[in-house]
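# Coordinates in review
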Amino acid sequence: MTDAAQPMEDHVLVEVTVPAPADAVWAALRDPAQIKNWFGWDADSLKDEIDFIFVTHAQADEERRTVTFVGVNDRYEVEARGETSLVRVVRSAPAGEWTDVFDGMIEGWISFTQQLAFAFARHPGQMRRTIFFSGPPREDRLARSLLGLDAAPAAGEPWSMPLGPDVDAAGQVWFTARHQLGVTVDAWGDGLLVVLDQPGNEKNPRGSTMLTLTTYALSDTAFADLESRWKAWWDQRFENVAPGC
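Throughout what follows, the structure given in this document is the object of discussion. (Residues numbered from 1 in each chain as written. Predicted model: local features only at pLDDT ≥ 70, side-chain atom pairs only at ≥ 80, totals over all residues. Heavy atoms only, no water.)

## Notes on the overall build of the protein
- Of the regular secondary structure elements, the protein holds 6 helices and 11 strands.
- Its C-alpha atoms give the protein principal-axis dimensions of about 55 × 45 × 35 Å.
- In the protein, which comprises 245 residues, the share counted as buried stands at 44%.
- Contacts spanning at least 24 positions in sequence make up 62% of the contacts within the protein whose residues lie at least 6 apart.
- Summed over all atoms, the accessible surface of the protein reaches about 12,200 Å², with 51% contributed by carbon and sulfur.
- A distance of 2 Å separates the average location of the 21 positive side-chain charges in the protein from that of its 37 negative side-chain charges. (Helix = DSSP H or I, 4+ residues; strand = E, 2+ residues; numbered from the N terminus. Buried < 20%, exposed > 50% of the residue type's maximum accessible area, 1.4 Å probe, protein only. Contact = heavy atoms within 4.5 Å. Areas by Shrake-Rupley, 256 points an atom, 1.4 Å probe, with all protein chains shown as cover. Lys, Arg positive; Asp, Glu negative; His and termini not counted. Charge placed at Lys NZ, Arg CZ, Asp CG, Glu CD.)

## Looking at the pattern of salt bridges
- One pass over the full model with this rule turns up 16 salt bridges.
- A salt bridge links Glu15 to Arg88; the shortest N-O distance between them is 2.8 Å. In this pair, Glu15 is assigned in strand S1 (residues 8-18) and Arg88 in strand S5 (residues 84-94), connecting sequence segments 73 residues apart.
- A salt bridge links Glu77 to Arg88; the nearest nitrogen and oxygen atoms lie 3.0 Å apart. Separated by 11 residues along the polypeptide, Glu77 in strand S4 (residues 72-81) and Arg88 in strand S5 bring together distant segments of the chain. (Salt bridge = Lys/Arg side-chain N within 4 Å of Asp/Glu carboxyl O.)

## Focus on the side chain of Gln180
- Mapping Gln180 onto the fold places it in strand S9 (residues 180-185).
- Within the structure, Gln180 has its side chain in polar contact with the side chain of Ser111 (distance 2.6 Å).
- In this view, Gln180 contacts Glu107, Ile110, Ser111, Arg144, Phe175, Val194, Val195 and Leu196; residues no more than four positions away in its chain are not counted. (Polar contact = N/O pair within 3.5 Å; in protein donor to acceptor, adjacent residues only side chain to side chain.)

## Considerations on the side chain of His123
- Here His123 lies in the loop between helix H4 (104-122) and strand S6 (128-135).
- Discounting chain neighbours no more than four positions away, the residues touching His123 are Phe118, Gly189, Asp190 and Tyr216.

## Observations concerning the sheet that holds strand S3 (residues 66-69)
- Taken in spatial order, the 5 strands line up as S1-S5-S4-S3-S2 in an open sheet, and their pairing is antiparallel. The strands lining the two open edges of the sheet, one partner per strand, are S1 and strand S2 (58-61). Across this sheet, the average inter-strand angle for adjacent strands is 20 degrees, counted without regard to direction.
- Sheet strands in contact with helix H3 (residues 46-56) are S2, S3 and S4, and its direction is about 45 degrees off that of S2. (Pairing = 2+ DSSP bridges. Axes fitted to C-alpha atoms, helices over the stretch in contact; angles between N-to-C directions.)

## Observations concerning the sheet that holds S9
- Read from one edge of the open sheet, 6 strands run S6-S11-S10-S9-S8-S7, paired in antiparallel fashion. Strands with a single pairing partner mark the edges of an open sheet, and in this sheet they are S6 and strand S7 (158-163). Here the strands of the sheet are splayed against their neighbours by 25 degrees on average, with no regard to which way each runs.
- Sheet topology note: the S9/strand S10 (residues 191-198) ladder contains 6 bridges and is antiparallel.

## Some points on helix H6 (residues 220-237)
- Across its 18 residues, H6 extends 26 Å between first and last C-alpha, which sits within 8% of the 26 Å expected from 1.5 Å per residue.
- Within the span of H6, buried status applies to Phe223, Leu226, Trp230, Trp233 and Trp234. For H6, the angular spread of buried residues about the axis comes to 100 degrees, placing them on one side. Exposed and oriented more than 90 degrees from the buried face of H6 are Asp220, Thr221 and Gln236. (Expected span 1.5 Å × (residues − 1). Arc of directions from axis to C-beta.)

## Quick notes on the environment of Val185
- Considering the arrangement of structural elements, one finds Val185 in strand S9.
- Judged by its relative accessible area of 1%, Val185 falls in the buried class.
- Residues Val185 and Pro136, 49 residues apart in the sequence, show an inter-C-alpha distance of 24 Å.
- When neighbours within four sequence positions are excluded, Val185 is seen to be in contact with Trp159, Leu163, Ala170, Asp190, Gly191, Leu192 and Leu193.

## Considerations on the environment of Trp109
- Structurally, Trp109 can be placed in helix H4.
- Residue Trp109 is classed as buried on the basis of its relative accessible area, which comes to 7%.
- Sequence-wise, Trp109 and Gly40 are 69 residues apart; in three dimensions their C-alpha atoms are separated by 9.7 Å.
- The residues touching Trp109, leaving out its near neighbours within four places in the chain, are Leu13, Val14, Phe69, Asp74, Tyr76 and Val89.

## Description of unusual backbone geometry
- The backbone of Arg65 sits at a positive phi, close to 55 degrees, despite the residue not being glycine.
- As for its position among the elements, Arg65 is in the loop between S2 and S3.

Without other data, these values stay purely geometric and don't point to any function.
Structural data, given as structure tokens:
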């Protein structure tokens, strides 16, 4: 049997409930100006990445509210549920070839879709600012352990504890997944921290971490102070390597 003839199965990579009508959520998946408020993180390349993924290499079915991506067997689906919506990312893969190995693209879909839900739930129409770090640890401890989040409560539960350089931090567990979790942080203008830990492999025996700090309504001074404090914390414990390097 050739690859082309192998039966395909759909696998839901991530599914979230978004407190907004389907038309509004669909617009957030199609309008580049809205996509930049949930997809990825602030970077000089963000506009080009959005154009490449969601404009030039995307195929949209307006009636069914699905977006597929050229060369990728993944798709976004938006399903109306009254005044709320279900948003999911679905992957079609050959039957019997689905595995639980770490997949960076899957982890990205999880992070970004949760950021989409957070933006609608907590900050509709507001502009975000983000801080991003990526790299392997200098010792054998990844970020969830270093931050004390490996024993975080279940999604929806409150938390309060020192968080990296932020001594008096508090918020809510937004989501948990196998390799990552997100917690809201009150002091960041009701922001969101997403911690993604990749297990060790041949290339990075100690594994690697990505942190995305999403903030809202912070003054320039407060944002610069947050970035400085977290950079100092990160540089003591991690190397700096761009994703995919």
